[in-house]
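Residue-level listing of the chains:
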Amino acid sequence: MSACFSSTSIPFSESSLAFPRPSHLCSNSVTVSSNNFHSVTGGGRLLLNVRGTSLCPRLRGFKLWILERLSFHFHPPKQPNHRNHFKSNLENTGLSNEKESVSDSSSILRGPDDKVTPMESPPLLQTGLSGTSMEVSRKPSLCIAVIGATGELARRKVFPALFALYYSGFLPENVGIFGYSRKDITDEDLRSIIASTLTCRVDHQENCEDKLDSFLSRTYYINGGHDNKSGMSMLNARMDQIEGGSKTNRIFYLSVPQEALLDVASCLASSVQTQKGWNRVIFEKPFGFDALSSQRMTQYLLSNFEEKQIYRIDHLLGRNLIENLTVLRFSNLVFEPLWSRTYIHNVQVVLSEDLAVHPGRYFGGYGIIRDIFHSHVLQTIALLAMEPPISLDGEDIRNEKVKVLRSIRKLETKDVILGQYKASGGDKVEACLNGLTPTYFAAALYIDNARWDGVPFLVKTGLGLIKHQMEIRIQFRRVPGNVYHECLGHNMDRAVNELILRDVPDEAILVRVNNKVPGLGLQLDSSELNLLYKDKYNMEVPDSYEHLLLDVIDGDNHLFMRSDELEAAWNILTPILNEIDKDNISVELYEMGGRGPVGAYYLWAKHGVRWVED
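Here the structure is a predicted model, which is why all the values come from computation and not from measurement.

Caption draft 1: Just the overall build of the protein, in detail. Looking only at helices and strands, one finds 18 helices and 25 strands in the protein. The buried share among the 614 residues of the protein stands at 51%. Total accessible area on the protein stands at roughly 27,900 Å², and carbon and sulfur atoms take up 50% of it.

Caption draft 2: Focus on the side chain of arginine 398. Structurally, arginine 398 is set in helix 13 (residues 394–407). Looking at arginine 398, the relative accessible area reads 0%, which means it is buried. Here the side chain of arginine 398 touches glutamate 395 through a polar contact of 2.8 Å, side chain to side chain. Only 2.9 Å separates the side chain of arginine 398 from the backbone oxygen of phenylalanine 560, close enough to count as a polar contact. Setting aside its immediate chain neighbours within four residues, arginine 398 contacts Asn557, His558, Phe560, Met561, Arg562 and Glu565.

Caption draft 3: Spatial organisation of the packing of aromatic side chains. Scanning the model with the defined rule gives 11 aromatic pairs in all. Aromatic side chains tyrosine 311 and phenylalanine 560 sit 5.1 Å apart centroid to centroid with 80° between the ring planes, which places their arrangement in the edge-to-face category. With a gap of 249 residues between them, tyrosine 311 in strand 16 (residues 310–313) and phenylalanine 560 in the loop between helix 16 (544–554) and helix 17 (563–581) connect regions that are remote in the sequence. With respect to class, tyrosine 311 is no different from phenylalanine 560; both count as buried. By the ring-pair criterion, three or more aromatic residues cluster together here, those being Phe163, Tyr166, Tyr167 and Phe215. Its guanidinium or amino end placed over the ring of phenylalanine 289, arginine 370 lies 3.8 Å from that ring's centre, counting from NZ or CZ.

Caption draft 4: Geometry of a nonpolar patch on the surface. On the surface, Val483, Tyr484 and Leu522 cluster together to form a nonpolar patch covering roughly 320 Å² of accessible area. Tracing the backbone through its elements, the reader meets valine 483 in the loop between strand 21 (469–476) and strand 22 (498–504).

Caption draft 5: Layout of empty space enclosed by the protein. Tallied over the full model, the rule gives eight cavities of 30 Å³ or more. Put simply, the second largest cavity is a space of about 60 Å³. Every residue lining the second largest cavity is listed: Leu321, Val349, Val350, Leu351, His376, Thr380, Met470, Glu471 and Ile472. Contributing elements (two or more residues each) for the lining of the second largest cavity: strand 17 (344–353), helix 12 (367–385) and strand 21. Tallied by class, residues from the lining of the second largest cavity come to six nonpolar, two polar and one charged.

Caption draft 6: Looking closely at the environment of lysine 401. Tracing the chain through its elements places lysine 401 in helix 13. For the pair lysine 401 and glutamine 379, spaced 22 residues apart in sequence, the C-alpha separation works out to 7.7 Å. Contact partners of lysine 401, with chain neighbours within four places excluded, come to Gln379, Ala382, Leu383, Met386, His558, Leu559, Phe560 and Glu565.

Caption draft 7: Quick peek at the sheet that holds strand 18 (residues 416–421). In spatial order, the strands read 24-23-22-21-17-20-19-18-25; together these nine strands make up an open sheet with mixed pairing. Since the sheet does not close on itself, it has two edges, and those belong to strand 24 (524–532) and strand 25 (587–590), each with one partner. Recorded for the sheet is a direction-independent mean angle of 20° between the axes of neighbouring strands. Inspection of the sheet shows strand 18 paired to strand 19 (residues 440–446) by four bridges, in the antiparallel sense. Looking across to strand 19, one finds that isoleucine 417 is bridged to alanine 442. Helix-sheet contacts for helix 10 (residues 320–330) involve strand 21, strand 22 and strand 23 (508–516), and the interaxial angle to strand 22 is about 155°.

Caption draft 8: A look at the pattern of salt bridges. Counted according to the given criterion, the structure contains 30 salt bridges. In this structure, the salt-bridge partner of glutamate 395 is arginine 398, at a minimum N-O distance of 2.8 Å. Of the two residues, glutamate 395 and arginine 398 both sit in helix 13, three residues apart, roughly one turn of that helix. The partly exposed category is assigned to glutamate 395, whose relative accessible area is 28%. Residues joined in a network through salt bridges with shared partners are Glu471, Arg473, Glu498, Arg502, Arg512, Glu528 and Arg610.

Caption draft 9: Summary view of the confidence of the model for the protein. The predicted model of the protein has a mean per-residue pLDDT of 79, with 71% of residues at 70 or higher. Ignoring residues within four places in sequence, the model shows residues 1–60, a span with pLDDT below 50, making 109 contacts including any to other chains. For residues 358–363, every residue scores under 50 in pLDDT, and the model assigns this stretch 19 contacts once sequence neighbours within four places are set aside.

Basis of the calculations
Residues numbered from 1 in each chain as written. Predicted model: local features only at pLDDT ≥ 70, side-chain atom pairs only at ≥ 80, totals over all residues. Heavy atoms only, no water. Helix = DSSP H or I, 4+ residues; strand = E, 2+ residues; numbered from the N terminus. Buried < 20%, exposed > 50% of the residue type's maximum accessible area, 1.4 Å probe, protein only. Areas by Shrake-Rupley, 256 points an atom, 1.4 Å probe, with all protein chains shown as cover. Polar contact = N/O pair within 3.5 Å; in protein donor to acceptor, adjacent residues only side chain to side chain. Contact = heavy atoms within 4.5 Å. Phe/Tyr/Trp six-rings, centres within 6.5 Å; stacked < 30°, edge-to-face > 60°. Lys NZ or Arg CZ within 6 Å of the ring centre and 35° of its normal. Patch = residues over 30% accessible without salt bridge, like charges linked within 9 Å, V, L, I, M, F, W, Y side chains within 5 Å. Salt bridge = Lys/Arg side-chain N within 4 Å of Asp/Glu carboxyl O. 1 Å grid on protein atoms, 1.4 Å probe; cavity = no way out; pocket = protein on both sides within 12 Å on 5 of 7 lines; lining within 4 Å. Points joined across faces, edges and corners; volume = space filled by probe spheres on them. Nonpolar A, V, L, I, M, F, W, Y, C, P; charged D, E, K, R; others polar. Pairing = 2+ DSSP bridges. Axes fitted to C-alpha atoms, helices over the stretch in contact; angles between N-to-C directions. pLDDT = per-residue confidence, 0-100.

Okay, structure coming up:
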């Protein structure tokens, strides 16, 4: 029994099958033993599995050419769940890759150690036996376009997050990455710009260089010039060229200044949306300067896109702390019955950032209220205080969040503290004082519904404070008729139970309880039950952009603000913003590296809450 390859005849039997090694191919010999040669149903087709993990691209192409000539049917091996993540998602939407394609069904090899090895073949492979060329399909099932690709956000956050997803198997091997901006550069220039920011996971460094090269080879650049209409047409043409008419979904990340957003969005909507799959558009905050500008922006976007296509991203909502809010509450019986005004005395949300985090936005007039409080803080409170959703579907969760936002009492000046750090020798600090843009904001919020009536939600967020800190602290009420009150001392507030969800400096879940000190006599102490993530889990925590971009790919929108949530958030803040514009609220100065305005201490005391020292 033999198979003829042009002028080359290769004998084979069921016990063994050997191919002669052409001199220009890899140094590895290709041998298929009985363990690699399996009969499958369907016309006597055979499954060819090549042993060896160091196969070069030409040999892989040679294998595919053999499969075509012998009419073999190659079945891809079953992969771990996380490697099939994207494929299963596309199948759910009815837009999976065509299974008849040789390149699609043969995109994975399995080595002797049973490890999955992705194919990384170039588009055109020569077999070297008959001179016949074969094109291996690189048609993507997903294309992602980053608008504003040469900006700092795209270089430092978006592209590294995309590569991390690609490296971890959450993006398809044939994904298309497109960069769009006004700079006159080439594909290679963009690859060079972003290459220095791409790193592989510390906890698994396999095939890092190969994955990096593969990702960069799938990255393309489009110079849009100063006319977005023609620029977007060029982007669409380039995407169509790479897609090759296949069924492809598209994601657009708009990393552009607010003043250019509407023009870019309009041109994108009219020129670049695919008709062969879904389209999703990611918008960066801030989402307007005030209620009126936000409303106009929302109306404009909804005239070009459907609500389900719009993803308003806030990177702080991609932190593991935020996901833990609902997991801890709804999956632990010990917490859910206590989650109301009956047992909870107050909730504190603390967010202090380093000066270097977002200096441009703070100094550009948006300030900490519009940039941090409006989206991140209010969304955190909504997730923490919402009623149980009927499911984990994004729309069900957003329905519950908007109910909370609409129930939050409008802020009054008496419940607000504004601050701004004092000038020092640093240029960034002096730049801040050119205006009265707040760099510190503390407020007491109340939710007027049956579950939270009378419970203060105290928020303090600022720039340049004593340390970088992100945590949510839930303080419970005192034990009624506590028989141990004499053992607790005079300060009963220090003996209350607390649940602390901390993200920075060290991610942890802490529960403060009272316990007896060992030894003779009866002495009580307040101790912390500590789940420190770095001790419990030996793994690298993904960046928040990775988390949120994966949610967009999956169509999970529960961490992205819907238009009605956006409107409800502005309604809470509008009275205070109006008073600030009229200079009716004084701004208190505080020292850089300090604890913030002194007025915040009095605000906490006014609402009967003990200030928690940093």
